[in-house]
Amino acid sequence: MKKYKATLSFLLVSMLIFTACQPEDYSLGNKLAPSQINFEVIQNYDIDPGGNTVILKFDTPGASPVWNYGTGRSSKVIDTIRYAFQGDYTIDLKVITQGGVVNMDPVTINVTEDNLNYVNDPLWSKLTGGNGESKTWYLDLDENGESTFFNGPLYFYGTNNGWLEGGNDGCYEEGGDCWNWQPDWAGNQWLMPAGDYGSMTFSLKGGPYVTVDHKMLAALGEQSGTFYLDKDAHTLSLNDAGILHNEGVDACAIDFGDIRIFSLTEDAMQLGVLRPDGCNNEGAAMLVYNFVSKEYKDNYVPVIEEPTIDEGFDPEFAPGELLQMLTGGPSSGRYWKLDASGNPIDWIAGGIGWTENADSTRDWGWNADWDAMAKNSWIRFDQWGGQTYTKSQNGVETSGTFTINEETNEIILKEGMSLLGIGNTLSPTTNTLKVVKAYDDFSTKGIWFGTSYDEGKDEWLSFHYVLGNNN
């Protein structure tokens, strides 16, 4: 076992006597001299004949270490480093004292043999391609604004989130800061501009080397360094390099080489760095950058999905069927109530609505102020003495007659009546209602009346009515 040791015994004896009327005097402590720093670098040949295992020890009261051991960094007072590849390694130590930073003389060790057991793990292989190989990764956003694997290039997580496959959705502190937001780039282009952000290559050819080409950050350019993957802690450390990222957060006090691995597969990888509180006037969060492998990117074939058509869209009614649905038959009549508690309004394009529940329509065009109006809004269709209807809004009832155009699924309210009056730009002004959705199970799913059509979007503004009564 080889030891590199620096020690100093020093005496701190002082006494300060203050009286109640003396002012307090605050000052930084004294900066320690290198000879006052006690630390050890121990190469343990009992564990590895080649000296691959190195133990770092720091024993200086009132001070903190910052180790740089060539393949990573550490601030632990006792740490164990394992080098997989033979070669000379320089261990630098900076010591944080009350009076300032003390730079210690570097210690160089020689590792005489490879021990590839230290990189023989599925995570190492997924990141690098395996021993003797290299693997290139790209940010999942290209110059056309397309993401191929994720919703977008950047997600946001709480500061206590981490490895997502470790259970509890990657939250490892009970009651901690755990949350996530996974925005799509198309709807959130403020995240970062589209572009070629360059590449990252992780290599195990003779050592753990990383090359990062920051094509969108000219000030960083191409970086070359080393890296270390902690498979148990799911962390990644880069020396002399940082992961690909956007300019918008580059000036923040973030270490783009101090990384949490959120997920890592053969095709995709998510790497998180800390955004400190106050960065760009935002709170603390983990910025999780999404990457895809070169092989995945090169072989990606866009999946063209067939449009999903809602089973109730553009219904085909048999002669008289729509009239029967609306009225219940010649000797009956049916009340249809605006679905205020569910999904009262929607924009329906190609059979698919934008909204799925009550909350999704809020502030798009419907809000809580209109709930009372909707609660008392209904329309009753019947066939007594012809095709007649009665409608109510805010307790005011009006009536008239209606006809049906079976070829176009249209209901025409006579006497110039519209469906309802909301009192804003969404108020239907037409007396012609297009049935854009109706189901066989209309008794529970209701019916959608389209009131205006946007030809450019092939989109109907529609109102949802369900069976009810006038109570």
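Rules used in this analysis
Residues numbered from 1 in each chain as written. Predicted model: local features only at pLDDT ≥ 70, side-chain atom pairs only at ≥ 80, totals over all residues. Heavy atoms only, no water. Core = buried A, V, L, I, M, F, W, Y, C linked by side-chain atoms within 4.5 Å. Buried < 20%, exposed > 50% of the residue type's maximum accessible area, 1.4 Å probe, protein only. Helix = DSSP H or I, 4+ residues; strand = E, 2+ residues; numbered from the N terminus. Contact = heavy atoms within 4.5 Å. Polar contact = N/O pair within 3.5 Å; in protein donor to acceptor, adjacent residues only side chain to side chain. Phe/Tyr/Trp six-rings, centres within 6.5 Å; stacked < 30°, edge-to-face > 60°. Lys NZ or Arg CZ within 6 Å of the ring centre and 35° of its normal.

A. A look at the nonpolar core. Met-200, Phe-202, Leu-236, Ile-243, Tyr-289 and Phe-291 are the most contacted members of the largest nonpolar core, which totals 63 residues. Here this core takes four residues from strand β7 (residues 87-97), the largest share from any one element. Residues contacting Phe-202, with those up to four places away along its chain left out, are Leu-127, Thr-128, Glu-133, Ser-134, Lys-135, Trp-137, Tyr-209, Val-210, Phe-227, Leu-236, Leu-238 and Met-269. Listed in part, the 31 residues of the second largest apolar core include Ile-345, Leu-420, Phe-449 and Phe-463.

B. View of the side chain of His-214. Inspection of the secondary structure puts His-214 in strand β14 (residues 209-214). Residue classification places His-214 among the buried residues on the basis of a relative accessible area of 4%. Looking at His-214, its side chain comes within polar contact range of the side chain of Gln-223, at 3.0 Å. A polar contact is formed between the side chain of His-214 and the backbone oxygen of Gly-242, at a distance of 3.3 Å.

C. View of the packing of aromatic side chains. This model, assessed by the stated rule, comprises 17 aromatic pairs. Measuring from ring centre to ring centre gives 4.8 Å for Tyr-335 and Trp-378, while their planes differ by 75°; the resulting arrangement is edge-to-face. In this pair, Tyr-335 sits in strand β20 (residues 333-338) while Trp-378 sits in strand β23 (residues 378-382), placing the two residues 43 residues apart along the sequence. For Trp-378, a relative accessible area of 7% corresponds to the buried category. Following the ring pairs from residue to residue traces out a cluster consisting of Phe-149, Phe-150, Tyr-155, Tyr-296 and Tyr-300. Over the ring of Tyr-138 we find Lys-297; its NZ or CZ atom is 5.6 Å from the centre of that ring. Over the face of the ring belonging to Trp-384 we find Arg-380, whose NZ or CZ atom lies 4.7 Å from the ring centre.

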